[in-house]
Amino acid sequence: MRIKFAHLVFVALLSASSSALAQVETRCFNDDQIINPVDAQGRNAWARKCGYIDTRREAGYNSFGDYVIFANGCHMYPNHPTGTACTFRVPLTESAPCLTFTPALLGTCVVGCYTAREELRFDDRYWPIEDAPQGGVTSVTALTQTATLLRPEFAEQPIQSYVAGDTVEDIFVLQTADGHKVEVTSEHPMVNGDGVMVRANTLKVGDTLLRVDGRKVDLTQVSVFRYTGKVWNVKPQSKVKMENVLDVEGLMTGSVRFQNEWANDYFRLTVREALDVDGL
């Protein structure tokens, strides 16, 4: 007997406690959110100067667009949002003085977003992302938990928040053989043709991306330009990973959650097909 089926599977190789993940989410999306890569590098330089990370980690974080975060500390203190567990200020510049105690290293967040006119699918239509909040859009189109590569079904997911900020950084322009084109920051998560969530800056001509219909498409051009302006992102309410795979210009991409609380996990959309169970 030969059974054929195909489905999407997310695999998380790393895990953390729910309380730690909750703090990471608060730091990355709320009271310690950093959009500007210069500020992110300033944070890392301060942490290295004060002995919280070494030079190797600083270089690694900077190369991937990460910045280090600490338990109960944020750069918005004392003007942080009500209800967040922030009790001291964590600087954004190397010249700032070190703390009088050793803070607990919590992890890292990632700087990465879309340019303002990049079009995502909201409410089953494409909107420039900066127009969506002004238009009162409260849901984003994402994969369902039961989606398969043969039937990549999408549904609306409520939006918890939009993320926006001013930046000066490199933007990667990804163009495919069928005419799709997206503009994203270097650390933005895209789904490649093998179903793996990868950072935009790792992609090159000849690689493949995954379309929203489940088909692979070749990358025919990858270019970079320097961008000054506002970048945007969106955070669905759902913490289900399948429901955080979004549609940008007809290609599969990860929500901002893949850049922060799931940034240290390995995720892959795999297809299992033509499973031979003869003799079982």
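Calculation criteria
Residues numbered from 1 in each chain as written. Predicted model: local features only at pLDDT ≥ 70, side-chain atom pairs only at ≥ 80, totals over all residues. Heavy atoms only, no water. Pairing = 2+ DSSP bridges. Helix = DSSP H or I, 4+ residues; strand = E, 2+ residues; numbered from the N terminus. Buried < 20%, exposed > 50% of the residue type's maximum accessible area, 1.4 Å probe, protein only. Contact = heavy atoms within 4.5 Å. Polar contact = N/O pair within 3.5 Å; in protein donor to acceptor, adjacent residues only side chain to side chain. Core = buried A, V, L, I, M, F, W, Y, C linked by side-chain atoms within 4.5 Å. Disulfide = S-S within 2.5 Å.

S.K.: Before we move on, could you go through the pairing of strand 10 (residues 154-176) and cite the residues and values that matter?
M.R.: As paired elements, strand 9 (residues 139-143) and strand 10 share 5 bridges and run antiparallel to each other. If you follow valine 140 over to strand 10, its bridge partner there is glutamine 157. As paired strands, strand 10 and strand 15 (residues 216-236) are joined by 17 bridges and run antiparallel to one another. Its bridge partner being in strand 15, isoleucine 159 is matched across the sheet by proline 236. Bridging between strand 10 and strand 11 (residues 181-185) involves 5 bridges; their strand directions are antiparallel. Within strand 11, the position partnered with leucine 174 by the bridge is valine 182. From the end of strand 10 to the start of strand 11, which pair antiparallel, there are 4 residues, and glycine 179 there has a positive phi angle of about 100°.

S.K.: Requested: an account of unusual backbone geometry, with residues and values cited.
M.R.: The omega torsion of the bond from tyrosine 77 to proline 78 falls at 5°, within 30 degrees of zero and hence cis. Residue position: proline 78 is located in the loop between strand 3 (73-74) and strand 4 (88-89). Residues other than glycine seldom take positive phi values, yet aspartate 124 does so here, at roughly 65°. Among the structural elements, aspartate 124 can be located in the loop between strand 7 (119-122) and strand 8 (125-128). When its relative accessible area of 56% is taken as the criterion, aspartate 124 is described as exposed. Despite not being glycine, glutamate 249 has its phi angle at roughly 55°, a positive value. Tracing the sequence through the fold places glutamate 249 in the loop between strand 16 (245-248) and strand 17 (251-254).

S.K.: Could you give an account of the environment of arginine 121, with specific residues and numbers?
M.R.: Tracing the sequence through the fold places arginine 121 in strand 7. Among the residues examined, arginine 121 registers a relative accessible area of 13% and is labelled buried. Spatially, the C-alpha atom of arginine 121 lies 9.7 Å from that of alanine 132, the residues being 11 residues apart in sequence. Aside from chain neighbours lying at most four places away, what touches arginine 121 is Tyr126, Val140, Thr141, Phe154 and Asp247. One polar contact links arginine 121 to aspartate 124, side chain to side chain, over a distance of 2.8 Å. For arginine 121, the side chain forms a polar contact with the side chain of aspartate 247, separated by 2.6 Å.

S.K.: So what's going on with the nonpolar core? Residues and values would help.
M.R.: Ranked by size, the top nonpolar core spans 34 residues in total, and within it Leu120, Phe122, Leu174, Met190, Leu203 and Leu209 carry the most contacts. Listing elements by their share of this core, those giving two or more residues are strand 7, strand 9, strand 10, strand 11, strand 15 and strand 16. Element by element, the count of residues in this core is highest for strand 15, at 6 residues. Residues in contact with leucine 203, not counting those within four places in the same chain, are Leu174, Met190, Val198, Leu209, Leu219 and Val222. In this structure, Leu143, Ala147, Leu149 and Met242 belong to the second largest nonpolar core, which totals 12 residues.

S.K.: Which residues make up the side chain of serine 238, and what are the values?
M.R.: Relative to the helices and strands, serine 238 resides in the loop between strand 15 and strand 16. The contacts of serine 238, once residues within four sequence positions are left out, are Gln157, Glu243, Asn244 and Arg257.

S.K.: I'd love a proper account of the pairing of strand 8, names of residues and values included.
M.R.: Bridge count for strand 7 against strand 8 is 4 bridges, and the pairing is antiparallel. Within strand 8, the position partnered with phenylalanine 122 by the bridge is arginine 125. Between strand 7 and the antiparallel strand that follows it, strand 8, lie 2 residues; aspartate 123 among them carries a positive phi value of about 50°.

S.K.: How would you sum up the state of the cysteines? Please name residues and give values.
M.R.: This structure, assessed with the given rule, holds 2 disulfides. With its sulfur 2.1 Å from that of its partner, cysteine 50 forms a disulfide with cysteine 98. Because the sign of the S-S torsion sets the handedness, a value of about -95° for the bond joining cysteine 50 and cysteine 98 places this disulfide among the left-handed ones. You can see cysteine 50 sitting in the loop between helix 2 (37-49) and helix 3 (55-64) and its partner cysteine 98 sitting in the loop between strand 4 and strand 5 (105-110), a full 48 residues away along the chain. Sulfur-sulfur distance for the disulfide between cysteine 74 and cysteine 86 comes to 2.1 Å.

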